[in-house]
Amino acid sequence: MLETFGWNTFFENSFRNHFPEDFTVGRIALEHKERYELYTSIGEVWGEISGKLRYTAVGRTDFPAVGDWVVIDLRPQERSATIHAVLPRKTKFSRKVAGIEAEEQIVAANVDKVFIVNGLDGDFSPRRIERYLLLTRESGAEPIIVLNKTDIASDLDNQIQAIKTIAQTIPVITLSATHDDTPSRFLPWLHMNETAVFMGSSGVGKSTIINALIGRDYLKTQEVRTVDSLGKHTTTHRELIKLASGALVIDTPGMRELQLWASEEGLNQTFSDIEALASQCRFSDCRHDQEPGCAVKAALENGTLDEKRYKNYCKMLRELRYLELRQDSNAARLEKMKWKKIHAAFKKNNKRK
Ligand code: GDP
Ligand code: ZN
């Protein structure tokens, strides 16, 4: 039963090795005002995190994210649960939180595939796709590029060619979600019990695609009624959705900013063509600037390396180096907070004696 929500031996092993028999597990379908809707062996229930988890959590990533498997104490009669722990994640698609803080925010956890959606209209942007490719590489999931709106493409052949050169071996789907038979186009990529997430700027057609995959009125089937802390009824919708085909899909809320949360290593793997050129430079510490025997400069000059692609690589490299500096100070801050909590807990325990 849980297998149909993506449960597998990876999660089973960490659960069985660390938690007693009377606990069970659930998967986060939605977070709404610190309450979580979960898929469990008895269906959907609402969960809240335990005091202990709240107390020991120091960073955002210690809290559950959509797609996470969590260890729960289930109350079947009330259809509610207490969340005690987040199981280790198999993959996680993260970005840096909006604003200046150098903290990680998990957009979707335990995804197998990331569909990077881009429109072929005025918003077409190979550079944005490169950005998503870096974050997907970092996530551990498999990327698939989706070029939507072929019906209103400004220059289809050249656009597809531009993406094929950056995609290398990554699959590319081109379609018009409003004109084509969308489910059949995704069929080869959406497997039973696997989880896929759709990423891309607002307006590229993610909801249109997901609606077509669900095949029914999306909002109606996914609506969840909730009661907030003031007793007011609100409706929202689930983000982790099970399709009739057995595949699971995560529909992320629109993201205005996509700030990088990645490593330099991930960047070099994403731009393996640039990495390969750099390894041919005469000097191993070549900055591809004025040095003689620079293979990157030579490739830019003879056109084998696209200047816009190289500039985007340099821009992201600068961003990552800046992020790294800030991460160090943030890590120190979180460590301090953790010790403060441990210290406070210790004092409280001693008082009791
Ligand atoms: P989202 O913000 O990524 O979820 O994008 P939506 O699915 O809401 O789509 C934004 C707009 O683009 C809507 O008006 C859609 O009808 C339209 N749209 C989506 N796919 C296509 C397509 O293939 N062709 C055209 N012409 N319009 C599309
Ligand atoms: Zn060089």
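Residues numbered from 1 in each chain as written. Chains lettered and ligands numbered in written order. Predicted model: local features only at pLDDT ≥ 70, side-chain atom pairs only at ≥ 80, totals over all residues. Heavy atoms only, no water.

Draft legend 1. Broad picture of the overall build of the chain. A count of helices and strands for the chain gives eleven helices and 15 strands. In terms of principal-axis extent, the alpha carbons of the chain reach across some 75 × 55 × 40 Å. Counting all 353 residues of the chain, 46% fall into the buried class. When contacts within the chain are restricted to residue pairs at least 6 apart in sequence, long-range pairs at least 24 apart make up 66% of them. Here the chain has roughly 18600 Å² of accessible surface; of this, 51% comes from carbon and sulfur atoms. Here the chain contributes 50 positive and 48 negative side-chain charges, whose respective centroids are spaced 6 Å apart. (Helix = DSSP H or I, 4+ residues; strand = E, 2+ residues; numbered from the N terminus. Buried < 20%, exposed > 50% of the residue type's maximum accessible area, 1.4 Å probe, protein only. Contact = heavy atoms within 4.5 Å. Areas by Shrake-Rupley, 256 points an atom, 1.4 Å probe, with all protein chains shown as cover. Lys, Arg positive; Asp, Glu negative; His and termini not counted. Charge placed at Lys NZ, Arg CZ, Asp CG, Glu CD.)

Draft legend 2. How the structure looks around the pairing of strand β10 (residues 172–175). Taking every second residue as pointing to the same face, the buried face of β10 carries Ile 173 and Leu 175, while none of Val 172 and Thr 174 on the other face is buried. In terms of handedness, the path from strand β9 (residues 142–148) via helix α4 (residues 156–167) over to β10 forms a crossover that is right-handed. (Right-handed = clockwise from strand over helix to strand, strands pointing away.)

Draft legend 3. Quick look at the environment of Gly 293. Tracing the backbone through its elements, the reader meets Gly 293 in the loop between α9 (272–278) and α10 (295–302). Look at Gly 293 and you get partly exposed, because its relative accessible area is 35%. For the pair Gly 293 and Val 66, spaced 227 residues apart in sequence, the C-alpha to C-alpha distance is 49 Å. Ignoring sequence-local partners within four residues, the contact set of Gly 293 consists of Gln 280, Cys 281 and Arg 282.

Draft legend 4. Looking closely at the coordination of the zinc ion (ligand 2). The protein atoms that coordinate the zinc ion (ligand 2) are Cys 281 (SG), Cys 286 (SG), His 288 (ND1) and Cys 294 (SG), at distances spanning 2.2 to 2.4 Å. The site at the zinc ion (ligand 2) holds four donor atoms, and with the angles between them running 105 to 116°, its shape is tetrahedral. (Donors = N, O, S within 2.8 Å, 3.2 Å for Na, K, Ca; no water. Tetrahedral: all angles 85-135°; square planar, octahedral: opposite > 155°, others 65-115°.)

Draft legend 5. Examining the pattern of salt bridges more closely. All told, the structure shown has 17 salt bridges when counted by the stated rule. Taking the shortest distance from any N to any O, the salt bridge between Glu 319 and Arg 131 comes out at 2.9 Å. Separated by 188 residues along the polypeptide, Glu 319 in helix α11 (residues 307–352) and Arg 131 in helix α3 (residues 126–139) bring together distant segments of the chain. A residue is classified by how much of its surface remains accessible, and Glu 319, at 26% relative accessible area, is partly exposed. Given the relative accessible area of 15%, Arg 131 is considered buried. Salt-bridge contacts for Arg 309 lead to Asp 273; the nearest nitrogen and oxygen are separated by 2.9 Å. Highlighted residues: Arg 309 in helix α11 and Asp 273 in helix α9, separated in sequence by 36 residues. Judged by relative accessible area, which is 5%, Arg 309 ranks as buried. Owing to a relative accessible area of 27%, Asp 273 belongs among the partly exposed residues under this scheme. (Salt bridge = Lys/Arg side-chain N within 4 Å of Asp/Glu carboxyl O.)

Draft legend 6. Structural detail: the environment of Phe 11. The residue Phe 11 is located in helix α1 (residues 9–18) in this model. Here the alpha-carbon distance between Phe 11 and Pro 88, two residues 77 residues apart in the chain, equals 7.5 Å. Apart from residues no more than four positions distant in its own chain, Phe 11 is found in contact with Gly 6, Trp 69, Leu 87, Pro 88, Lys 90 and Asn 110.

Draft legend 7. Region of the structure containing the site of ligand 1. The environment of ligand 1 is made up of 15 residues, and the closest members are Asp 151, Gly 203, Lys 206, Ser 207 and Thr 208. Note that an oxygen atom of ligand 1 is positioned 2.6 Å from one of the side-chain N or O atoms of Thr 208. For ligand 1, the accessible surface in isolation is 580 Å², of which the surrounding protein chains cover 68%. Broken down by element, the residue count for the shell around ligand 1 peaks at three residues, all from helix α6 (residues 206–214). Considered class by class, the residues forming the shell around ligand 1 number three nonpolar, nine polar and three charged. (Near = heavy atom within 4 Å. Polar contact = N/O pair within 3.5 Å; in protein donor to acceptor, adjacent residues only side chain to side chain. Nonpolar A, V, L, I, M, F, W, Y, C, P; charged D, E, K, R; others polar.)

Draft legend 8. Examining the side chain of Ser 80 more closely. Its place among the elements puts Ser 80 in strand β5 (residues 80–86). Judged by relative accessible area, which is 15%, Ser 80 ranks as buried. A distance of 3.2 Å separates polar atoms of two side chains, one belonging to Ser 80 and the other to Glu 78. Non-local contacts of Ser 80, meaning those with residues more than four positions away in its chain, are made with Val 45, Trp 46, Asp 73, Leu 74 and Arg 75.

Draft legend 9. Expanded view of the layout of surface pockets. In this structure, the largest pocket spans a volume of roughly 520 Å³. For the largest pocket, the lining is made up of 22 residues, of which Glu 31, Pro 64, Ala 65, Gln 105 and Ile 106 are closest to its centre. For the lining of the largest pocket, the elements supplying multiple residues, two or more each, are β1 (24–32) and β7 (104–109). The greatest single-element share of the lining of the largest pocket, amounting to four residues, is contributed by β7. For the lining of the largest pocket, the class distribution of residues is eleven nonpolar, four polar and seven charged. A volume near 350 Å³ is recorded for the second largest pocket. If you trace the second largest pocket, you find 15 residues lining it, with Arg 287, His 288, Tyr 310, Leu 317 and Arg 321 closest to the centre. Listed by contribution, the elements that provide at least two residues to the lining of the second largest pocket are α9 and α11. It is α11 that contributes the most residues to the lining of the second largest pocket, six residues altogether. Class assignment of the residues belonging to the lining of the second largest pocket gives a composition of eight nonpolar, two polar and five charged. (1 Å grid on protein atoms, 1.4 Å probe; cavity = no way out; pocket = protein on both sides within 12 Å on 5 of 7 lines; lining within 4 Å. Points joined across faces, edges and corners; volume = space filled by probe spheres on them.)

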